[in-house]
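# Residue-level structural notes
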Amino acid sequence: MELTLYPFELRFRHTFTISRKSKDVQPLLVAELKQDGLSGLGETADNAYYNITVPGLVAAINEHRPFIEAYHLDTPEAFWEAMNPRLAGNMFALCALDLAAHDLYAKQQGKKLYEVWNLDPSHNPMTDYTIGIDTVENMVKKLQEFPWPIYKIKLGTKEDITIITELRKHTSAVFRVDANCAWGVDETLHNAKAFRELGVEFIEQPMPAADWEGMRKVYADAALPIIADESCIVESDVQQCYGHFHGINIKLTKCGGITPARRMIMEAKKLGMKVMTGSMNESTVGTSAVAHLLPYLDYTDMDGPLLLAEDVADGVKIRNGEIIYADRNGTGAELHRAF
């Protein structure tokens, strides 16, 4: 295979703020794998919380360039197994390669990726749109400028109930709340009770990732379902989340791509847990890959391209929450000529 890496920094439409940080740009890395005249694209993102940078990702992948370029793709799963020990657990780097391999493999089969798995996309869940933390007034403005059927509201402030109460005055849309580890047990239980009356569907990662004892209490007593994010990173975390969360949010960048994500989905469903996929503010490259998992899912948060002021690719389209696949094989992603 021939490997090409494309680092990008894409601007957000608005400063993007969660409980622990704010940012105006999203550094991303797109990987392209070519073989036998076909090309596959994959993507990953930097993330300060996990000490991941794009230069570090480029260096990690380039270290294994000779092996990758000598490799002849058979299946994405076999490629993932070959690369996983070499990348020594660098799941973010592995994700870019795995997504590119899946895109390339589906094109080799002459199919869209979901068709390779014999999935029916006719009942796919819709994606939410994220409203980042800001003043209450600005959060209302963001909501009003982007009418949407489902919103994810980032919280972790002293005014969380006030924020949801005020936003509810302006829309009847479904709300989902993401505290990004900002609360404790009592605050989570108190907020869940208030939010249930305000039309919130579920709460995502209310408490620190390692607070398993606290999450057990919340799981037993919360008025709303609780979905794991920072507590569910890789495959082995799914079993641990059972009995602590009602569902899991799988991020392809964190778990190492589609190959492990599909195994995580199956494990969670076997345990009776809800499953969603999340966004790491990817461009349309990564978002197009996530879209092919939708037939497996209960919920999805794949609004990355909607939050960005610019994009590097064409692929899936998102219209009023609905995901529309590109009329191309593979994941459907294609870099704009300018890049």
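A brief look at the structure comes next.

Definitions and cut-offs
Residues numbered from 1 in each chain as written. Predicted model: local features only at pLDDT ≥ 70, side-chain atom pairs only at ≥ 80, totals over all residues. Heavy atoms only, no water. Helix = DSSP H or I, 4+ residues; strand = E, 2+ residues; numbered from the N terminus. Buried < 20%, exposed > 50% of the residue type's maximum accessible area, 1.4 Å probe, protein only. Contact = heavy atoms within 4.5 Å. Areas by Shrake-Rupley, 256 points an atom, 1.4 Å probe, with all protein chains shown as cover. Lys, Arg positive; Asp, Glu negative; His and termini not counted. Charge placed at Lys NZ, Arg CZ, Asp CG, Glu CD. Polar contact = N/O pair within 3.5 Å; in protein donor to acceptor, adjacent residues only side chain to side chain. 1 Å grid on protein atoms, 1.4 Å probe; cavity = no way out; pocket = protein on both sides within 12 Å on 5 of 7 lines; lining within 4 Å. Points joined across faces, edges and corners; volume = space filled by probe spheres on them. Nonpolar A, V, L, I, M, F, W, Y, C, P; charged D, E, K, R; others polar. Axes fitted to C-alpha atoms, helices over the stretch in contact; angles between N-to-C directions. Parallel < 35°, antiparallel > 145°, perpendicular 65-115°, else oblique. Left-handed = near helix turned anticlockwise from the far one by under 90°. Disulfide = S-S within 2.5 Å. Pairing = 2+ DSSP bridges. Phe/Tyr/Trp six-rings, centres within 6.5 Å; stacked < 30°, edge-to-face > 60°. Expected span 1.5 Å × (residues − 1).

Helices and strands together make up the secondary structure of the chain, namely 14 helices and 15 strands. Taking the principal axes of its C-alpha atoms as reference, the chain extends roughly 55 × 40 × 40 Å. In the chain, which comprises 339 residues, the share counted as buried stands at 60%. Residue pairs in contact within the chain that sit at least 24 positions apart in sequence constitute 66% of those at least 6 positions apart. Accessible surface, the chain: about 13300 Å² in total, of which carbon and sulfur atoms supply 49%. In the chain, 34 positive and 47 negative side-chain charges are present, and the distance between their average locations comes to 2 Å.

Before going further, it helps to spend a moment on the side chain of threonine 171. Of note, threonine 171 is situated in the loop between α7 (160–168) and β6 (174–178). For threonine 171, a relative accessible area of 18% translates into the label buried. From its side chain, threonine 171 meets the backbone nitrogen of alanine 173 in a polar contact 3.0 Å long. Look past the residues within four positions of threonine 171 in its chain and what remains in contact with it is Leu143 and Tyr151.

What follows concerns empty space enclosed by the protein. Across all of its chains, the model carries 2 cavities of 30 Å³ or more by this definition. Approximately 270 Å³ is the volume found for the largest cavity. Around the largest cavity, the lining is made up of 23 residues, and of these Ile18, Lys154, Lys251, Ser279 and Met280 lie nearest the centre. Among the secondary structure elements, those contributing two or more residues to the lining of the largest cavity are β1 (2–18), β2 (21–35) and β5 (150–154). Looking at the lining of the largest cavity residue by residue, the classes come out as 5 nonpolar, 6 polar and 12 charged. Looking at the second largest cavity, its volume works out to about 100 Å³. Residue lining of the second largest cavity: Phe12, Arg13, His14, Thr15, Phe16, Tyr129, Thr130, Ile131, Gly132, Lys142 and Leu307, and that is the complete set. For the lining of the second largest cavity, the secondary-structure elements that each account for two or more residues are β1 and β4 (129–131). Per element, the largest residue contribution to the lining of the second largest cavity is 5 residues, and it comes from β1. Residues of the lining of the second largest cavity, tallied by class, amount to 5 nonpolar, 4 polar and 2 charged.

On to the packing of helix α3 (residues 76–86) against helix α4 (residues 91–109), then. Two elements in contact, α3 and α4, have axes separated by 9 Å at closest approach and are oriented at 160 degrees. For the element pair α3 / α4, the angle class is roughly antiparallel. The hand of the α3/α4 crossing is right-handed. For the pair α3 and α4, contact is made by Pro76, Glu77, Phe79, Trp80, Met83 and Asn84 and by Met91, Leu94, Leu97, Asp98, Ala101, His102 and Tyr105, respectively. Here the residues of the contact of α3 with α4 are counted per class, giving 9 nonpolar, 2 polar and 2 charged.

This part takes up the state of the cysteines. In the structure shown here, the tally under the stated rule is 0 disulfides. Here cysteine 181 is not disulfide-linked; the sulfur of cysteine 241 is the nearest cysteine sulfur, at 12 Å. Cysteine 241 takes part in no disulfide bond, and the closest cysteine sulfur, belonging to cysteine 232, lies 4.3 Å away. The exposure class of cysteine 241 is buried, given its relative accessible area of 0%.

Pairing of strand β9 (residues 247–250) with strand β10 (residues 274–277) involves 4 bridges; the strand directions are parallel. Across the sheet, the residue bridging to glycine 247 is lysine 274, located in β10. Here β10 runs beside strand β11 (residues 299–300); their pairing, made up of 2 bridges, is parallel. From the neighbouring strand, methionine 276 faces β11, where its bridge partner is tyrosine 299.

This part covers the packing of aromatic side chains. In total, this model carries 15 aromatic pairs according to the counting rule given. Ring geometry for tyrosine 129 against tryptophan 148: centres 6.2 Å apart, planes inclined by 50 degrees, an arrangement best described as tilted. Taken together, the positions of tyrosine 129 in strand β4 and tryptophan 148 in the loop between α6 (136–145) and β5 put the pair 19 residues apart, joining distant regions of the chain. Under the relative-accessibility criterion, tyrosine 129 is labelled buried at 3%.

With that settled, the discussion passes to α4. Over its 19 residues, α4 extends 26 Å from the first C-alpha to the last, a length consistent with the 27 Å expected when each residue adds 1.5 Å. The buried count for α4 comes to 16 of 19 residues, which makes it a mostly enclosed element. Phi for glycine 110, located one or two positions after α4, is positive at around 70 degrees.

Turning next to the packing of helix α8 (residues 185–196) against helix α9 (residues 212–221). Helix-helix packing is described using two parameters, namely the angle between the two axes and the distance between the axes. It is at 10 Å that the axes of α8 and α9 come closest, and there the two elements cross at 20 degrees. Regarding the angle of α8 to α9, the classification is roughly parallel. Two packed elements cross with a definite hand, and for α8 against α9 that hand is right-handed. Contact residues: α8 offers Val185, Thr188 and Leu189, while α9 offers Gly214, Lys217, Val218 and Asp221.

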